[in-house]
Structures are given as C-alpha cells and as structure tokens.
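Remarks on the overall topology
Chain residues, written in single-letter form:
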Amino acid sequence: MKTPHALLLAFLVLIAGTAHGNRQLAVRNGCMSCHADTELDAPPWPELATQYEKYRGQPDAASIQGEKLRQGKFFKNVKAHRKLSPTNAAEIMQWIIDGAN
C-alpha cells in the first residue's frame, strides 16, 4: 500500500522539478534579461504563455516553435535566441506552452 503513494509522490516531485528546471534553464540562458520585468520591449512570460497556449497538447509543437525561435523567425537579430541549442529551445518553448509557471 505504501508503494503507490511513494510512486505518486516521486511523480509529483518530478513534475515540479521539471517546471522549476525549465525556469532555471531560461535564467541560465539569459532569457530573463529581456523577458522579465524590464524596460525592454520583449513580452513578459505571462504574455508569452497566453500567446502560445494554443499549442498545448500538440506533439512536436515545442520543437517546431523552438526551431523557429532559434532561426530568427519570430524576432530578427536576437543573438540569445540563435545561441540556444535545439534541445534548450524546445524545453523553454514547452515551458512557455505549459504556462511558464
């Protein structure tokens, strides 16, 4: 009887760690420099989350949108976007699609 509870707890910790990890990934990649509460014109996280919620539940949406971000299809000449690895871009986009919490 204790095993299912332990598995549930481990799953919840994993989910919470993943969401927190993706925020940390955004921090490590410098995303907060422009997308936090700054004077720059970059949209803040809640606005991005609202804009990309239409992709929730769509397989490969994060990878596709992440690659568009890296290639400059959203914003031209943003070095930080181009420097993202495909994996990091997809993980950050998935975090945004999931609500950027």
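Just so we're clear, the structure is a prediction, and the values are computed from it rather than from any experiment.

Rules used throughout
Residues numbered from 1 in each chain as written. Predicted model: local features only at pLDDT ≥ 70, side-chain atom pairs only at ≥ 80, totals over all residues. Heavy atoms only, no water. Helix = DSSP H or I, 4+ residues; strand = E, 2+ residues; numbered from the N terminus. Expected span 1.5 Å × (residues − 1). Buried < 20%, exposed > 50% of the residue type's maximum accessible area, 1.4 Å probe, protein only. Axes fitted to C-alpha atoms, helices over the stretch in contact; angles between N-to-C directions. Parallel < 35°, antiparallel > 145°, perpendicular 65-115°, else oblique. Contact = heavy atoms within 4.5 Å. Nonpolar A, V, L, I, M, F, W, Y, C, P; charged D, E, K, R; others polar. Salt bridge = Lys/Arg side-chain N within 4 Å of Asp/Glu carboxyl O. Patch = residues over 30% accessible without salt bridge, like charges linked within 9 Å, V, L, I, M, F, W, Y side chains within 5 Å. Areas by Shrake-Rupley, 256 points an atom, 1.4 Å probe, with all protein chains shown as cover. Lys, Arg positive; Asp, Glu negative; His and termini not counted. Charge placed at Lys NZ, Arg CZ, Asp CG, Glu CD. pLDDT = per-residue confidence, 0-100.

**Side note on the environment of Glu 47**
The topology assignment puts Glu 47 in helix α3 (residues 45-52). Residues Glu 47 and His 35, spaced 12 residues apart in sequence, show a C-alpha to C-alpha distance of 9.8 Å.

**Overview of helix α6 (residues 86-97)**
Its 12 residues give α6 an end-to-end C-alpha distance of 16 Å, which sits within 8% of 16 Å, the value for a rise of 1.5 Å per residue. Residues of α6 that are buried include every one of Ala 89, Ala 90, Ile 92, Met 93, Trp 95, Ile 96 and Ile 97, and no others.

**Remarks on the packing of α3 against α6**
At a minimum axis separation of 7 Å, α3 and α6 run at an interaxial angle of 85 degrees. Considered as vectors, α3 and α6 are oriented roughly perpendicular to each other. Touching Trp 45, Leu 48, Ala 49 and Tyr 52 of α3 are Met 93, Trp 95, Ile 96 and Ile 97, all from α6. For the contact of α3 with α6, a count of residues per class yields 8 nonpolar, no polar and no charged.

**Section: the pattern of salt bridges**
The final tally for this structure, using the stated rule, is 2 salt bridges. Glu 53 is the partner of Arg 56 in a salt bridge, and the nearest nitrogen-oxygen pair spans 3.8 Å. Residue class for Arg 56 comes out partly exposed when judged on its relative accessible area of 41%. Residue class for Glu 53 comes out partly exposed when judged on its relative accessible area of 40%. Across the pair Arg 70 and Glu 67 runs a salt bridge, and its minimum N-O distance is 2.9 Å. Remark: Glu 67 and Arg 70 occur in helix α4 (residues 61-71); sequence separation between them is 3 residues, near one turn of the helix.

**Considering a positive patch on the surface**
Together, Lys 54, Lys 68, Lys 73 and Lys 76 make up a positively charged patch on the protein surface. By the secondary structure assignment, Lys 76 is in the loop between α4 and α5 (79-83).

**Here's the deal with the confidence of the model for the protein**
Residues of the protein with pLDDT of at least 70 account for 77%, and the chain-wide mean is 80. Confidence scores differ between elements of the protein, with helix α1 (residues 2-28) showing the lowest mean pLDDT of 56 and α6 the highest of 96. Ignoring residues within four places in sequence, the model shows residues 6-20, a span with pLDDT below 50, making 2 contacts including any to other chains.

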